[in-house]
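# Fold and contact review
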Amino acid sequence: MNDARAYPARTYPDRPLVGIGVAVLRPGAVLLIRRGTPPALGQWSLPGGAQQLGETAEEAARRELYEETGLAVGALVLAGHVDSLHRDDDGRIRYHYTILDFAALWQGDTPRAGSDVTAVAWVGFDDFDRYELWAEARRIIALARARLGLAADGAMR
């Protein structure tokens, strides 16, 4: 569906857009993707993207996760939310997303970079600095670990 009503303007929007993220966890690591499109082009983050008209938040999470990594997961739990605002040099809002982040346990398939992603990686919980991971992504991963019962060492409690 390439209908303008289904995809409102993402740059300089007239209202916040709903974004979806998924923290896929396995013992000792989280799945990260490198963004292939703006905003955050080239940066590592959680898989996710914009919710489409007519999709529930969970449907959007599953679709985005599959499109970006080829993975399907079982139960999803809401981990938290992020307000993501990006301003241009004049201070105008270029992007504004309210991101709903879900948490899920890895089911064993091999992730692969798809759609607007240039790379995927399993990243240890103490290795986020190497990936220059945004503070809000780190916060969501910590919330996801708590929601899914992963101990500080990454083992299941």
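Above this text is the structure in question.
Residues numbered from 1 in each chain as written. Predicted model: local features only at pLDDT ≥ 70, side-chain atom pairs only at ≥ 80, totals over all residues. Heavy atoms only, no water.

## Some thoughts on unusual backbone geometry
Working note: non-glycine residues mostly have negative phi, and peptide bonds are mostly trans. Positioned with a positive phi, Tyr12 is a non-glycine residue whose angle comes to about 50°. The topology assignment puts Tyr12 in the segment before β1 (17-26). Since its relative accessible area comes to 31%, Tyr12 is described here as partly exposed. (Helix = DSSP H or I, 4+ residues; strand = E, 2+ residues; numbered from the N terminus. Buried < 20%, exposed > 50% of the residue type's maximum accessible area, 1.4 Å probe, protein only.)

## With respect to the environment of Asp90
Relative to the elements of secondary structure, Asp90 occurs in the loop between β5 (77-87) and β6 (93-105). Given a relative accessible area of 69%, Asp90 falls into the exposed group. Considering only alpha carbons, one finds Asp90 and Val22, 68 residues apart in sequence, at a separation of 32 Å.

## Observations concerning the packing of aromatic side chains
For any two aromatic rings, the description comes down to two numbers: the centre-to-centre distance and the angle of the planes. On inspection of all chains with the given rule, the structure shows two aromatic pairs. Taking 5.0 Å as the distance between ring centres and 90° as the angle between the ring planes, the aromatic pair formed by Trp44 and Tyr131 counts as edge-to-face. On the criterion of sequence distance, the pair formed by Trp44 in strand β3 (residues 44-45) and Tyr131 in the loop between β7 (117-124) and α2 (135-148) is long-range, its members being 87 residues apart. The same class applies to Trp44 as to Tyr131, namely buried. Here Trp106 and Trp122 contribute two aromatic rings whose centre-to-centre distance is 5.3 Å and whose plane-to-plane angle is 65°, an arrangement assigned as edge-to-face. Here Trp106, found in the loop between β6 and β7, pairs with Trp122, found in strand β7; they are 16 residues apart in sequence, far enough to count as distant. The ring centre of Trp106 lies 5.2 Å from the NZ or CZ of Arg26, which sits over that ring. A cation over an aromatic ring shows up here: Arg145 above the ring of Phe125, its NZ or CZ 3.7 Å from the ring centre. (Phe/Tyr/Trp six-rings, centres within 6.5 Å; stacked < 30°, edge-to-face > 60°. Lys NZ or Arg CZ within 6 Å of the ring centre and 35° of its normal.)

## Some words on the pairing of β6
When β1 meets β6, the two strands line up parallel, connected through nine bridges. Across the sheet, Val18 pairs through a bridge with Thr98, a residue of β6. In terms of strand pairing, β5 meets β6 through ten bridges, oriented antiparallel. Along β6, the bridge assignment pairs Arg87 with Ile93. Between the end of β5 and the start of β6, which pair antiparallel, lie five residues, with Gly91 showing a positive phi angle near 90°. (Pairing = 2+ DSSP bridges.)

## Here we look at the nonpolar core
Of all hydrophobic cores here, the largest spans 27 residues; its most connected members are Leu25, Val30, Leu32, Leu46, Phe128 and Ile141. Of all the secondary-structure elements, those providing two or more residues to this core are β1, β2 (29-35), β5, β6, β7 and α2. Ranked by the residues each element gives to this core, the list is headed by α2, at five residues. Counting residues in hydrophobic clusters, the runner-up holds 15 residues, among them Ala61, Val73, Leu76 and Ala104. (Core = buried A, V, L, I, M, F, W, Y, C linked by side-chain atoms within 4.5 Å.)

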